[in-house]
Amino acid sequence: MRTRIRAVMLIAGIAFAAGASAQAYPSRPIKFVVPFPPGGNLDFLARTIQPRLSEALGATIVVDNRGGAAGIVGAEYAARQPGDGYTLFLGNTGSSAINPSIFPSFPVRPLRDLVGLTLLVDVPGAFAVHPSVPANSVKEFIDYAKARPGQLNYGSSGSGSAQRLAFEFFMQKAGIKLVHIPYKGGAGAATLAVLAGEVNATMLTVASFVGHVKSGKAKVLAVMSPARSHALPQVPTMAESGFPELKLGSWQAMFVPKGTPRPIVNKLYGVMIKTMEDPETMRRLAAGGADIVTSKSPDEFAAFLKEQTEFWAKIVKSVGATAE
């Protein structure tokens, strides 16, 4: 009986300590790790939500850009930090779902080494071409490429990027072949390459091309989202163009290191949801071409991440993609 009483008291003590820890949290500044350089989509999201997060948590939050190696540097750094709630990691499709398959020696497995809190936004993809390409639809582009095997090229933000894999998958299904030109520095460099005519085509984000479509510097043949984009309502989806598998965007999500106490995970999740529902946050993200898509719970996001990791692993294997 005494043993049972001690066990009950011990469990109660642990529960009380966890609750007290969550109530006292945070008591010092929080690092907000972004695995890409300043100026990209993830950095834009981080700096948009940082003030609201700081206000809601009552703590200083410092954005820490740790770019390099397609997001590997930042992901590994975040995963190696203590699981105490004082490190946030902003991951995306590439750093959190694709890298484990495209880089065999990738040291971090997000499903194993990180705890996902929630999806934050999804930035719809766009199949864009330079105005010199005489195609105004996906079908016309395929016909144009088939008549010029190996003569056209496409750009991406890296050999292991979602854009590269999506285009390789598209070429496989369409029966065409373009030369891949990877660019360093994220999606911005690949966007500029299309605008300058260095490459004929790309699959980046709608946000990257909206302004340029209106000025006539680029054409978007299709959007890679389940429904048409509110920013380009006249442009059909890839599904409407005959490629239902290509309903892809660049989702972005929040993580913390493995071992972070559940009460702190729950507190951070609630703060994230509150931040994403803030009218000013919603306005700024919408202006940047991002759709807010939060998860119903950390567990729901974990299931989504597992599904995405398996999906991209199949794509990598299907197209035979490797990190060059």
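Quick summary incoming for the structure in this document.

The rules behind these values
- Throughout this description, residue numbers start from 1 for each chain and increase along the sequence as written.
- Only residues with pLDDT of at least 70 are given local features in this predicted model, and only at 80 or more are side-chain atom pairs given and counted; all residues enter the totals for whole chains, interfaces and linings.
- Side-chain metrics in this entry use all non-hydrogen atoms of the structure; hydrogen atoms and water are not considered.
- Strands here are runs of E lasting at least two residues and helices are runs of H or I lasting at least four, both read from the DSSP assignment and numbered beginning at the N terminus.
- Only C-alpha atoms enter the radius of gyration, while the globule expectation follows 2.2 Å times N to the 0.38, with N the number of residues.
- The buried label goes to any residue with under 20% of its type's maximum accessible area, the exposed label to any with over 50%, and the partly exposed label to all in between, with areas taken from a 1.4 Å probe on protein chains only.
- We call two residues in contact whenever any of their non-hydrogen atoms come within 4.5 Å of each other.
- Only protein atoms enter the calculation, which uses a 1 Å grid: trapped sets of points that fit a 1.4 Å probe without letting it out are cavities, open sets showing protein on both sides within 12 Å along at least five of seven lines are pockets, and any residue with an atom within 4 Å of a point is a lining residue.
- Grid points are joined across faces, edges and corners, and a volume is the space filled by probe spheres set on the points.
- In the scheme used here, Gly and all other residues not listed as nonpolar or charged are polar, with Ala, Val, Leu, Ile, Met, Phe, Trp, Tyr, Cys and Pro taken as nonpolar and Asp, Glu, Lys and Arg as charged.
- Aromatic pairs are defined between Phe, Tyr and Trp rings, using the six-membered ring for Trp, whenever the two ring centres lie within 6.5 Å; interplanar angles under 30 degrees are classed as stacked, those over 60 as edge-to-face, and all others as tilted.
- Salt bridge, as applied in this entry: a Lys or Arg side-chain nitrogen positioned within 4 Å of an Asp or Glu carboxyl oxygen.

**Concerning the overall build of the chain**
Each helix and strand in the chain was counted, giving 12 helices and 10 strands. For the chain, the C-alpha radius of gyration of 22 Å lies close to 20 Å, the compact-globule estimate for 324 residues. Dimensions along the principal axes, computed over C-alpha positions, put the chain at roughly 85 × 40 × 30 Å. By the burial criterion, 50% of the 324 residues in the chain qualify as buried. Relative to all contacts within the chain whose residues are 6 or more apart in sequence, the contacts with residues 24 or more apart total 76%.

**As for helix H9 (residues 206-214)**
Of all the residues in H9, the buried ones are Val 206, Ser 208, Phe 209 and Val 210. A positive backbone phi angle near 80° is found at Gly 216, which sits one or two residues after H9.

**With respect to the layout of surface pockets**
Volume-wise, the second largest pocket comes out at about 260 Å³. Forming the walls of the second largest pocket are 14 residues, and the residues nearest its centre are Asp 122, Lys 247, Gly 249, Trp 251 and Phe 304. The element contributing the most residues to the lining of the second largest pocket is helix H12 (residues 298-319), with three residues. Classifying every residue of the lining of the second largest pocket by side-chain character gives eight nonpolar, four polar and two charged.

**A few points about unusual backbone geometry**
Residue Tyr 25 is joined to Pro 26 through a cis peptide bond whose omega torsion reads 0°. For Pro 26, the position within the fold is in the loop between helix H1 (2-24) and strand E1 (30-34).

**Here we look at the packing of aromatic side chains**
Applying the stated rule across the entire model yields 13 aromatic pairs. With a centroid separation of 5.7 Å and an interplanar angle of 85°, the aromatic rings of Phe 167 and Phe 170 are classed as edge-to-face. Within this pair, Phe 167 and its partner Phe 170 are both found in helix H7 (residues 162-174), separated by three residues, close to a single helical turn. Neither Phe 167 nor Phe 170 differs from the other in exposure class; each is buried. Among the aromatic residues, those joined into a ring-pair cluster are Phe 127, Phe 141, Tyr 154, Phe 167, Phe 170 and Phe 243.

**Focus on the pattern of salt bridges**
This model, assessed by the stated rule, comprises 13 salt bridges. Salt-bridge contacts for Asp 84 lead to Arg 28; the nearest nitrogen and oxygen are separated by 3.0 Å. Of the two residues, Asp 84 is situated in the loop between helix H3 (72-79) and strand E3 (87-92) and Arg 28 in the loop between H1 and E1; the sequence distance between them amounts to 56 residues. Its relative accessible area of 23% is what places Asp 84 among the partly exposed residues. Here Asp 64 ties to Arg 66 by a salt bridge, and the two come within 2.8 Å at their closest N and O atoms. For Asp 64, a relative accessible area of 17% gives the class buried. The exposure class assigned to Arg 66 is partly exposed, which follows from its relative accessible area of 31%. Residues joined by salt bridges that share partners form a network here, namely Arg 52, Glu 55 and Asp 278.

**Let's talk about the environment of Thr 87**
When you line up the elements, Thr 87 lands in strand E3. The class of Thr 87 is buried, set by a relative accessible area of 2%. For Thr 87 and Val 62, which are 25 residues apart along the polypeptide, the C-alpha to C-alpha distance reads 9.8 Å. Aside from chain neighbours lying at most four places away, what touches Thr 87 is Ile 30, Lys 31, Val 33, Ala 78, Gln 81, Phe 255, Val 256 and Pro 257.

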